[in-house]
Structures are given as structure tokens and as C-alpha cells.
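# Structural features, examined
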Amino acid sequence: MCLPSRPGVATATPPSAPVVRRAPEGRAVPRAGRVAGLDVARALAVFGMLGAHFGGVPADVGAAPSSWLGAVNGRSSILFAVLAGVSVALLTGRTVVPAGEHLHRGRVRLLVRAAWVFGIGIALAALDTGIDVILAVYAVLFVLALPFLRWSPRRLLLAAAVLAILTPPAALLLTLGAQATGLEQSPVAQLMLDGPYPGLIWWTFILIGMAVGRSELGSPRVRARLLCGGAALTVLGYGAGWLSTRLWGAAASTQAWVDGETGPRSWSLAWLSGAAPHSGTTFEILGSVGVALVVIAGSLVLADRLSRATFPLAAVGAMALTAYTAHVIAPAVLDWDFDGVATWLAFMAVIVVAATAWRILVGQGPLERLLSSSSRRAAALAVRRLEPRSRPRRPS
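Residues numbered from 1 in each chain as written. Predicted model: local features only at pLDDT ≥ 70, side-chain atom pairs only at ≥ 80, totals over all residues. Heavy atoms only, no water.

## Comments concerning the side chain of Ser244
Topologically, Ser244 is positioned in helix 8 (residues 220-248). For Ser244, a relative accessible area of 3% puts it in the buried group. Among the polar contacts made by the side chain of Ser244, one reaches the main-chain carbonyl oxygen of Gly241 at a distance of 2.7 Å. (Helix = DSSP H or I, 4+ residues; strand = E, 2+ residues; numbered from the N terminus. Buried < 20%, exposed > 50% of the residue type's maximum accessible area, 1.4 Å probe, protein only. Polar contact = N/O pair within 3.5 Å; in protein donor to acceptor, adjacent residues only side chain to side chain.)

## Examining the nonpolar core
Residues Leu50, Leu135, Trp202, Leu207, Leu226 and Ile296 are the most contacted members of the largest nonpolar core, which totals 90 residues. Tallying contributions element by element places helix 2 (residues 75-91) first for this core, with eleven residues. (Core = buried A, V, L, I, M, F, W, Y, C linked by side-chain atoms within 4.5 Å.)

## Comments concerning the side chain of Asp39
Here Asp39 shows up in helix 1 (residues 36-54). What makes Asp39 buried here is its relative accessible area of 2%. Once residues within four sequence positions are removed from consideration, Asp39 is found in contact with Arg34, Leu313, Ala314, Gly317 and Ala318. (Contact = heavy atoms within 4.5 Å.)

## Side note on a nonpolar patch on the surface
A cluster of nonpolar residues, Phe311, Trp358, Ile360, Leu361 and Val362, forms a patch on the protein surface that exposes about 510 Å² of accessible area. Its place among the elements puts Trp358 in helix 14 (residues 341-361). (Patch = residues over 30% accessible without salt bridge, like charges linked within 9 Å, V, L, I, M, F, W, Y side chains within 5 Å. Areas by Shrake-Rupley, 256 points an atom, 1.4 Å probe, with all protein chains shown as cover. Salt bridge = Lys/Arg side-chain N within 4 Å of Asp/Glu carboxyl O.)

In C-alpha cells form, the structure reads like this:
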């Protein structure tokens, strides 16, 4: 049964906002263990991105069943970004908001992980496989999350609601400014404004994920709110997006306006209408966040009730960075036509078998181990440097 929510607040329906405990000085913050349901959701996000890159699926979902595989476009990567926010919350205390030494440790760990992920993303992009690599923006989102580590779920949801409304038009105006000054191809503009995963707009997703991660994910009440809130946001986002295209005309890109393909009075409304994948509109944000919350809620329940059956999926999700990296490298090293549903299914099967075997025989994935061990050591070193150095007493 869905729980009621306050009207008028777009993001009030996702996870419940419990009173988050704050860690006093000297109190241990819970370590981030594995949550099988989240790993299942990560696996689904990875599989969806595989489909978007290899599956030859339609650009978006339509009424015809043949188009339904197009659901992986855009939504899978946004699920990945929301789960990044969940990981940030789990890494920095779960429902216990960090303070003092624990806060400093969490910030250092996030920065080290962001540096590694950014470097891996740049290296993968240099392979020029034709895949839009998300990892550089993923790293930027880690950095953008730093000022919000001590925020409660309610404040995080309110901030996400503001960003969901303001960042699409802000990105549009900043993109126009970058084009006017010839900076649209600069790395900053591509990362934050005009790339396939604009960091400014995607800021919303990591805050939503942090709010989810700060909630009691084992609570049936929280899971019910995730499910019902996600369903409501899905209907609201895609329904309003469909309606906006009827009111304002077909969604248009900034470049279409620059090229004179849309009228001068309707260009802004046209660019901000619709909810198509990667359109970056408020409607897409709401709809895709809704889908992500539904998937997360369903994965949490499924992993609890069918733990053995979902173990292979959880194994993939536990090493999502390694699996994602492998799928980008594969076209560069294998002489194979990476296109079509058959390729998608074959690649998924290989990843499931390999990840399950690795999880059983070795444990943590190779890239996950690299990020975990290096960030933990850097955090320990940073905390030791903050401690006052003991000085030997002088003999009297």
C-alpha cells in the first residue's frame, strides 16, 4: 500500500526521510558493507548500458512492443548515477551522518575514488570505441556530493527538487554562452553542460541517491515509499513530458535553435520540453528518477526473498566498475561486430559467469579492490596527519 505524501513537492514521494543520527566525536560510523539488493540494481544498470551500446535497441519507448527494449536508453545510466549517490551515503556512514574525523575520512575516500574513476574514464575514452564513457562525469558527481555529506534525506530531496527545475534552463543558457564564445568543445563544457551526461543536470541524481542511502533500506515502509514514490514520479515525468511536446512542439536541441530550425519565440520551450532519453529536461529527470527508485525497491525485495537465485546478479553489481570497464575495452581488442540483441545477450552471459566465478573464488573485483584499498589508506594517512604530534618531554 502506498503511503501518502505531501502535495506540491515533486521529490517528497521518494524514500522516507527518517531522523538521521549524527555521529558524535569518537563514535564509530558503520562501515559500508554489501547490500545485495543494491548490487542487483547495479547489475541491471550495467546490463542496460550494455544494451544501449551493443543491443541495437530503439532510441526510446513507444506503444509498439518492438520498441520496449528502448527503455534501457538513458534510464540505465541514470540508475547508475542514482546508485552512485547511494554508494556515497553508504561509504560515509549510512544512516549515521559523519562528523569530525569520520567526515574527514569520508571526504578523502571520495576524492581518491573520484580521481581513480576519472583517470579510468579518460583512459577508456581514449580508446575511441564509439561508446560515450560515463566515468569522468561519475567522478565529477562524487566531488559535487562533498558539500552535502551531512545533509538529512529531507534536505537532500529538497535540494534535488530545486536542481531538477533550475539546472536544465541553466545548462541551456550556459551552453549558448559557451557557443557564443567558442568554448562549447572545451573539456569543462563537455563534462558539465553539453556532453551526453551533463554533470550540472546529473547533480540531481547523486543527491537523490544520497537521500536513498541515508534511509533505512531494510525497512518495509521505506521500500514501499521508494516503490510508490518512484511510480508516481515516472507517471508525472513522462506524462508531463508527453503533454509538453503537444503544447510547445517537438523537443529541440540547442544546436537546432542556433541553426534556425526552431522559431525564435518557441526555442526555449521546445528545448525544455519532452522526456526523451538524454534530453536533459526536468521531465526526463523526474521520469528517470522514478524508474530508478522502482528498480531499487524491487531489487531490494527480490534479493531478500531470492538471495541464491539473485547471487549471480549481485556478483556483477559488486564489481560493476570492472564489468563496465570490460565492456568498453572489448570492442577495442576483439574483432567482433558489437551490435545487435544477440551480442548484448552474449556479453551479459559472459559477464555473469565471469563475475560469479570471481566473486566465489577471489572476492572483490580488481578495480573495486584498487579503489577501496587506496582510498582507505589515503584516508588513514590524512587522519593521522590531523592528529597532534606527541612531543617528548624535556628532562627537568
